[in-house]
Amino acid sequence: MIITHQLTKIYQLEGVVVNALLAVSLEIANGEFVAIMGASGSGKSTLMNLLGCLDSPTSGTYELDGILVNGLNDDELADIRTHKIGFVFQSYNLLPKLSAVDQVSLPLIYSGTPKRRELAAEALITVGLGDRLNHRPTELSGGQQQRVGIARALVKNPSLILADEPTGNLDSHSTQEILDLFQQLNEERGITILLVTHEPDVGARANRTITMRDGEVISDVPKQLVVAEKEPAQ
């Protein structure tokens, strides 16, 4: 699904050159559940923005679902975001005056999809909020608000979900519930999930862990190898 080759992002900030991403080459297959880990400033959010077609690389190439993203115009990038990618954010990004079903309907308005409320209700039922369709954010817990955010990403039927620190504002119980939901969507629906996190326990739920430092990938390890490395010697 995702192929990057020597993907690089360089910023000029007040005359200072910042190498945010340095020659990152990755392949992520359809249906993988991948955690991208690293400390603040490691480049993981920059990589996520590039993969989400929210920013353009300085150099290198990015191919998504067989489409070479480099060189696409703004309308073409927006079309990819609308039809192929669902976004989940740490801060939920919910509008305070809208009900859950209206929040989830919003992406469908931009794409001109009919029967928006019905599809939004189905997505909310999928994430376990069938009894909260008309609740506003102030009437929902943090975990429930994040479920609304996931339903909003899910309603477009994306092939890829990008989740940026989705459990960063949640307690441990809600964190496990949200991770269970991501795992369910990955296993039952085959949705490719890329989850950015700096928390090892969260990253451990993925089937593959990509670790970044100073704009570079320093390790790319399948889950079974990560577990094996933690086992004490006999």
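Residues numbered from 1 in each chain as written. Predicted model: local features only at pLDDT ≥ 70, side-chain atom pairs only at ≥ 80, totals over all residues. Heavy atoms only, no water.

Caption draft 1: Broad picture of the pattern of salt bridges. Applying the stated criterion to the full structure yields eight salt bridges. For D180, the salt bridge is made with R205, and the minimal N-O distance between the two is 2.5 Å. Of the two residues, D180 sits in helix 6 (residues 172–189) while R205 sits in the loop between helix 7 (200–203) and strand 9 (208–213), which places them 25 residues apart along the sequence. Salt bridges here are not isolated pairs; linked through shared partners, they connect E32, R208 and D220. (Salt bridge = Lys/Arg side-chain N within 4 Å of Asp/Glu carboxyl O. Helix = DSSP H or I, 4+ residues; strand = E, 2+ residues; numbered from the N terminus.)

Caption draft 2: Structural context of the packing of aromatic side chains. Per the counting criterion, the structure on display carries one aromatic pair. Between the aromatic rings of F87 and F89, the centroid separation amounts to 6.3 Å while the plane-to-plane angle is 10°, which identifies the pairing as stacked. For F89, a relative accessible area of 29% puts it in the partly exposed group. (Phe/Tyr/Trp six-rings, centres within 6.5 Å; stacked < 30°, edge-to-face > 60°. Buried < 20%, exposed > 50% of the residue type's maximum accessible area, 1.4 Å probe, protein only.)

Caption draft 3: Main features of the environment of T167. Along the chain, T167 turns up in the loop between strand 7 (160–164) and helix 6. Setting aside anything within four residues of it in sequence, one finds T167 in contact with T175, I178, L179, E199 and V202. (Contact = heavy atoms within 4.5 Å.)

Caption draft 4: Summary view of unusual backbone geometry. With phi around 75°, Y92 is a residue other than glycine that occupies positive phi space. Note on placement: Y92 falls in the loop between strand 6 (85–89) and helix 3 (100–111). Among the residues examined, Y92 registers a relative accessible area of 10% and is labelled buried. Positive phi, close to 55°, is recorded for N93, a residue that is not glycine.

Caption draft 5: Molecular detail of the packing of helix 3 against helix 4 (residues 116–126). Contact pair helix 3 / helix 4: the axes reach a minimum separation of 8 Å and the direction vectors enclose 120°. As judged from the angle between their axes, helix 3 and helix 4 are oblique. In this structure, the crossing between helix 3 and helix 4 has a hand that is right-handed. Contact residues: A100, V101, D102, V104, S105, L108 and I109 in helix 3; R116, R117, L119, A120, A121, A123 and L124 in helix 4. The class makeup of the residues in the contact of helix 3 with helix 4 is ten nonpolar, one polar and three charged. (Axes fitted to C-alpha atoms, helices over the stretch in contact; angles between N-to-C directions. Parallel < 35°, antiparallel > 145°, perpendicular 65-115°, else oblique. Left-handed = near helix turned anticlockwise from the far one by under 90°. Nonpolar A, V, L, I, M, F, W, Y, C, P; charged D, E, K, R; others polar.)

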